[in-house]
Amino acid sequence: MSEATAVDGAGLARQLLAGDRRALARSITLVENDDPHGWEIVRQIYPHTGAAAIIGFTGPPGAGKSTLLGELTRLERSAGRSVGVLTVDPTSPFSSGALLGDRIRLSDHFLDQGVFIRSMANRGALGGLSEAALQATLLMDAAGRDLVLLETVGVGQAEVDVINHADSVVLVLTPGSGDSIQALKAGVMEIPDVIVVNKADHPLADSMVRDIRSTLALGPPRDWAIPVLRTIATTGEGVGELLASLTEHRAHIQANGTLTRRRGSHLRAEVLSLVSRRLRRDLETALVREPGFVALLEQVVSRQLDPASAAAAILAEVQPRNEHASSD
Amino acid sequence: MNAAEHRPIRVVVAKPGLDGHDRGAKIVARALRDAGMEVIYTGLHQTPEQIVETVLQEDADAVGLSILSGAHMTLVPRILALLRTEGLGQVVVTVGGTIPADDIAELKGLGVSEVFTPGASTEAVVDFIRSAVTR
């Protein structure tokens, strides 16, 4: 460990608030690793958070999220705003390793001190982000980033965690990835504030935009009409319009109170998620050490006891007074 | 799984300089991934400054440099110096590529932990990084 990283949580928090990049990098590692120092840092910096705009990008793998994010970063930088980028890639369920490759699309910004890029592995989280994503966002916010861009893993249809983290959500799609029925389905199609059809030089781009617009028109009228934009991220075409839409969306949600409401529900979700994660870990740790649990499992394996009855027996032990214990 | 008990090693795999031969780097990146590490792959044509900034922002434990251009005696010392300037002198640095024996000794003298030449097994790379990274 180097000089700066050897200090305690309070020291790291101070350095982070002063804008030290190494302290920010180390702090993100600590919250990712569920390290007590990490929680101490978050506790100290929390009063200094809330100023950054958080924009989430989600969409299928290869849609161009990283490239688009790189172009948007360029525009934000020329407007003089500092940017934090958090990109999440999947962890292997087999080796628990990960290959984090989103930086490749952002290499133009590596030497710009106004841009801080961090790659995260999702470490088994299923919602398109990692468990530590919100905490890492808070750290970037406290370190003085005006804007935090949050990129999910390439998602399928149902990974919608980003709505619990971002003020505005951009869904990035590509032409030829399904007809109007795909656009009608529940899940990711329900979450965006802005929809981008990237690779818009593709012959099917226009019909894709039409399909999405007609699908949106089937829904109830809303006070924010979701824009459907065409971009070509590799050339930067349309990214100015995306920035304009995001600025407009931010003004809209600030004016009508949605931003405050959204952030309240993000934090509520984070608190609930922390409680359930910790309970779950404590419980699992305790259970595997419990001889009774092993005996129950053996009964399940030998088909003497079904899984739900075994679970009910365990819950009766753990929560003897909880009447709702078996209803879950 | 308890995250506190599970701290993956984070490794930056980078290709400094101008050669475009990234097959070796990709094979090593894949092997490290399969060994349970979090591998940050930066792509081709990285300058020493870009690589060091990536190591800093990603809080990496190790950086693997793949060089097949012959420019290792220029690039590697520059990267080592920049790492020290940024207070990242503890980061494990390995080099892979076509490196002559004389240069290997010199690179190690400068602070490179290990040099892997053609024919080195991916297991050797994985084992080395695992043992060299002390958390």
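Quantities reported herein were computed from a predicted structural model and do not represent experimental measurements.

Reading the values: rules and limits
Residues numbered from 1 in each chain as written. Chains lettered and ligands numbered in written order. Predicted model: local features only at pLDDT ≥ 70, side-chain atom pairs only at ≥ 80, totals over all residues. Heavy atoms only, no water. Domains from an automatic or database assignment. Contact = heavy atoms within 4.5 Å. Buried area = accessible area lost by both parts, 1.4 Å probe. Salt bridge = Lys/Arg side-chain N within 4 Å of Asp/Glu carboxyl O. Helix = DSSP H or I, 4+ residues; strand = E, 2+ residues; numbered from the N terminus. Nonpolar A, V, L, I, M, F, W, Y, C, P; charged D, E, K, R; others polar. Buried < 20%, exposed > 50% of the residue type's maximum accessible area, 1.4 Å probe, protein only. Pairing = 2+ DSSP bridges. Polar contact = N/O pair within 3.5 Å; in protein donor to acceptor, adjacent residues only side chain to side chain.

A.B. asks: Which parts of the structure should I look at to understand the domain arrangement of chain A?
C.D. replies: How big an interface is tends to be expressed through the accessible area that disappears when the partners come together. Residue and element names in this part refer to chain A. Assigned domains of chain A: these are domain 1 (1–48), domain 2 (49–259) and domain 3 (267–327). Each of domain 1 and domain 2 has a C-alpha centre, and these two points are 27 Å apart. If you look at the interface, domain 1 gives 19 residues, while domain 2 gives 17 residues. For the pair domain 1 and domain 2, the summed buried surface comes to about 1,700 Å²; carbon and sulfur atoms form 63% of the total. Counting the contacts that link domain 1 with domain 2 gives 2 salt bridges. A salt bridge links Glu32 to Arg118; the shortest N-O distance between them is 3.5 Å. Listed by contribution, the elements that provide at least two residues to the side of domain 1 that touches domain 2 are helix H1 (9–17), helix H2 (21–32) and helix H3 (36–45). Per-element accounting of the side of domain 1 that touches domain 2 gives the leading share, 8 residues, to H2. Each residue belonging to the side of domain 1 that touches domain 2 can be placed in one class, and the counts come to 12 nonpolar, 5 polar and 2 charged.

A.B. asks: In this structure, what is going on with unusual backbone geometry? I would like to understand it.
C.D. replies: Peptide bonds are mostly trans, and most non-glycine residues show a negative phi. One non-glycine residue, Arg123 of chain A, lies in positive phi territory at about 50°. Mapped onto the elements, Arg123 of chain A comes out in the loop between strand E4 (115–121) and helix H5 (133–142). You will see that Asp59 of chain B, though not glycine, has its phi angle at about 50°, which is positive. Mapped onto the fold, Asp59 of chain B is located in the loop between helix H2 (48–57) and strand E3 (62–67). Classification of Asp59 of chain B by relative accessible area gives buried; the value is 8%.

A.B. asks: Just to check I follow, could you spell out the pairing of strand E7 (residues 194–197) of chain A for this structure?
C.D. replies: If a strand is regular, its side chains alternate between the two faces of the sheet. Residues and elements named next belong to chain A. Burial of the side chains of E7 extends over both faces: Val194 and Val196 are buried on one face and Ile195 and Val197 on the other. By the bridge criterion, 4 bridges tie strand E6 (residues 168–173) to E7 in an arrangement that is parallel. Pairing of Leu173 across the sheet is with Val197, part of E7. Pairing of E7 with strand E8 (residues 228–230), which is carried by 3 bridges, proceeds in the parallel orientation.

A.B. asks: It is not clear to me how the interface of chain A and chain B should be interpreted in this structure. Could you clarify?
C.D. replies: Contact with chain A, which involves 34 residues of that partner, is made by 35 residues of chain B. Together, the buried faces of chain A and chain B total about 3,000 Å²; carbon and sulfur atoms form 48% of this surface. Our count for the contact surface shared by chain A and chain B stands at 7 salt bridges. A salt bridge links Arg123 of chain A to Glu38 of chain B, with the nearest nitrogen and oxygen atoms 2.7 Å apart. In this assembly, chain A and chain B are joined by 21 residue pairs in polar contact (both at pLDDT 80 or more). Among the elements of the structure, H2, strand E3 (98–100), E4 and helix H9 (258–288) of chain A are those that each provide at least two residues to the side of chain A that touches chain B. Split into classes, the residues belonging to the side of chain A that touches chain B amount to 12 nonpolar, 10 polar and 12 charged. Where E3 of chain A and strand E2 (residues 38–41) of chain B come together, 3 bridges link them in parallel fashion. Across the sheet, the residue bridging to Leu100 of chain A is Ile40 of chain B, located in E2 of chain B.

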